[in-house]
Amino acid sequence: AQTVTQSQPEMSVQEAETVTLSCTYDTSESDYYLFWYKQPPSRQMILVIRQEAYKQQNATENRFSVNFQKAAKSFSLKISDSQLGDAAMYFCGLLGTYKYIFGTGTRLKVLA
Amino acid sequence: GAGVSQSPSNKVTEKGKDVELRCDPISGHTALYWYRQRLGQGLEFLIYFQGNSAPDKSGLPSDRFSAERTGESVSTLTIQRTQQEDSAVYLCASSFVAGNPGDEQFFGPGTRLTVL
């Protein structure tokens, strides 16, 4: 079975500061992808960043980067220079064969 | 179309009634997915289609739930005899091909279903 665990229901960060959202997962598959999606109040799921499991190099997308620890099955998201527009629910996801397994989400609040 | 669209955006129904939720995927996307998101929770996989075939229906919560897809186009999720626990946001997503981990899933805005 595949599982994704986000142990932080809510996080807060001061504007312009850095925050890290945690995610751990479990899978028996050797080839998989990991994702972070953002869901603002509009409900629209937006892909933030993705990581191919066979790549050791951590993915980065502008202010967003991941710390992928394959042996520890950990996949955390770092947001640098946080902006008010980053406030949203963040979901960590695992894509194995054909479907996503998502964590329960972390609500990120950005304080002005 | 430019993105995945879903209709209606909101649906309020009475317990025991049937509802149909519609999803229009991105043109050219052969894979389509349905998820349920209960209030304050993550996404729960329901079913996926590759073309108009649904290889895995194991995520459907009960036999009151069914889904169909016409070709590689519109899909409808039907919930019969709705119950209050069916209240949730139902999200649809599409991608080029199911099972290709490199393909991004594009999500629609969801349908918020409220069962009174």
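Read on for a plain summary of the structure. Nothing here was measured: the structure is a model prediction, and the numbers come from that model. (Residues numbered from 1 in each chain as written. Chains lettered and ligands numbered in written order. Predicted model: local features only at pLDDT ≥ 70, side-chain atom pairs only at ≥ 80, totals over all residues. Heavy atoms only, no water.)

**Describing the overall build of chain B**
Here is step 1: Scanning chain B from terminus to terminus reveals 0 helices and 11 strands.
Here is step 2: Each helix and strand of chain B, placed in order from N terminus to C terminus, yields the pattern β-β-β-β-β-β-β-β-β-β-β.
Here is step 3: Relative to the globule expectation of 13 Å for 116 residues, the C-alpha radius of gyration of chain B, 13 Å, shows essentially globular dimensions.
Here is step 4: Its C-alpha atoms give chain B principal-axis dimensions of roughly 40 × 25 × 25 Å.
Here is step 5: Across chain B, every contact between residues at least 6 apart in sequence was considered, and the portion connecting residues at least 24 apart equals 57%.
Here is step 6: With an accessible surface of roughly 5100 Å², chain B has 46% of that area assigned to carbon and sulfur atoms.
Here is step 7: Taking the 11 positively charged and 13 negatively charged side chains of chain B as two groups, their mean positions are separated by 7 Å. (Helix = DSSP H or I, 4+ residues; strand = E, 2+ residues; numbered from the N terminus. Rg over C-alpha atoms; globule rule 2.2 N^0.38 Å. Contact = heavy atoms within 4.5 Å. Areas by Shrake-Rupley, 256 points an atom, 1.4 Å probe, with all protein chains shown as cover. Lys, Arg positive; Asp, Glu negative; His and termini not counted. Charge placed at Lys NZ, Arg CZ, Asp CG, Glu CD.)

**Here we look at the pattern of salt bridges**
All names here are of chain A.
Here is step 1: Evaluation of the coordinates by the stated rule reveals 8 salt bridges over all chains.
Here is step 2: K55 is the salt-bridge partner of E52, the closest N and O atoms lying 3.3 Å from each other.
Here is step 3: Overall, K55 belongs to the partly exposed group, its relative accessible area being 39%. (Salt bridge = Lys/Arg side-chain N within 4 Å of Asp/Glu carboxyl O. Buried < 20%, exposed > 50% of the residue type's maximum accessible area, 1.4 Å probe, protein only.)

**Side note on the interface of chain A and chain B**
Here is step 1: Opposite the 20 residues of chain A that make contact, chain B presents 27 residues.
Here is step 2: When chain A packs against chain B, the two sides together hide about 1900 Å² of surface, and 52% of this comes from carbon and sulfur.
Here is step 3: Inspection of the chain A/chain B interface yields 0 salt bridges.
Here is step 4: The interface formed by chain A and chain B includes 6 residue pairs in polar contact (both at pLDDT 80 or more).
Here is step 5: Put simply, the parts of the chain that give the side of chain A that touches chain B at least two residues each are β5 (33–39), β6 (46–52), β10 (88–95) and β11 (100–102) of chain A.
Here is step 6: At 4 residues, β5(A) tops the list of elements feeding residues into the side of chain A that touches chain B.
Here is step 7: Of the residues assigned to the side of chain A that touches chain B, the class counts are 10 nonpolar, 6 polar and 4 charged. (Buried area = accessible area lost by both parts, 1.4 Å probe. Polar contact = N/O pair within 3.5 Å; in protein donor to acceptor, adjacent residues only side chain to side chain. Nonpolar A, V, L, I, M, F, W, Y, C, P; charged D, E, K, R; others polar.)

**Focus on the nonpolar core**
Here is step 1: Among the nonpolar cores identified, the biggest contains 26 residues, and W36(A), F75(A), L77(A), Y90(A) and L108(A) are the most heavily contacted of them.
Here is step 2: Contributing elements (two or more residues each) for this core: β3 (19–21), β5, β6, β8 (64–69), β9 (74–79), β10 and β12 (106–111) of chain A.
Here is step 3: Here this core gets 4 residues from one element, more than from any other, and that element is β10(A).
Here is step 4: Not counting residues within four places of it along the chain, the set of residues in contact with F75(A) comprises C23(A), Y25(A), L34(A), F35(A), W36(A), Q51(A), V66(A), N67(A), F68(A) and C92(A).
Here is step 5: By size, the runner-up hydrophobic cluster in this structure holds 21 residues, among which are C23(B), I47(B), L113(B) and V115(B). (Core = buried A, V, L, I, M, F, W, Y, C linked by side-chain atoms within 4.5 Å.)

**Details of the state of the cysteines**
Residues and elements named next belong to chain B.
Here is step 1: Across all of its chains, the model carries 2 disulfides over all chains by this definition.
Here is step 2: Shown here is the disulfide that connects C23 with C92, its sulfur atoms set 1.8 Å apart. Across the disulfide from C23 to C92, rotation about the S-S bond amounts to roughly -65°, and the bridge is consequently left-handed. Here C92 lies in strand β9 (residues 88–95) and C23 lies in strand β3 (residues 19–24), a separation of 69 residues in the sequence. (Disulfide = S-S within 2.5 Å.)

**Examining the sheet that holds strand β7 (residues 65–69) of chain B**
Residues and elements named next belong to chain B.
Here is step 1: Judged by pairing direction, the sheet is antiparallel, and its 4 strands sit side by side in the order β1-β3-β8-β7 without closing on themselves. Where the open sheet ends on each side, the last strands, each with one partner, are β1 (5–7) and β7. Across the sheet, the axes of successive neighbouring strands diverge by a mean angle of 15°, strand direction being ignored.
Here is step 2: By the bridge criterion, 5 bridges tie β3 to strand β8 (residues 75–79) in an arrangement that is antiparallel. Following the sheet pairing, C23 is matched in β8 by S75. (Pairing = 2+ DSSP bridges. Axes fitted to C-alpha atoms, helices over the stretch in contact; angles between N-to-C directions.)

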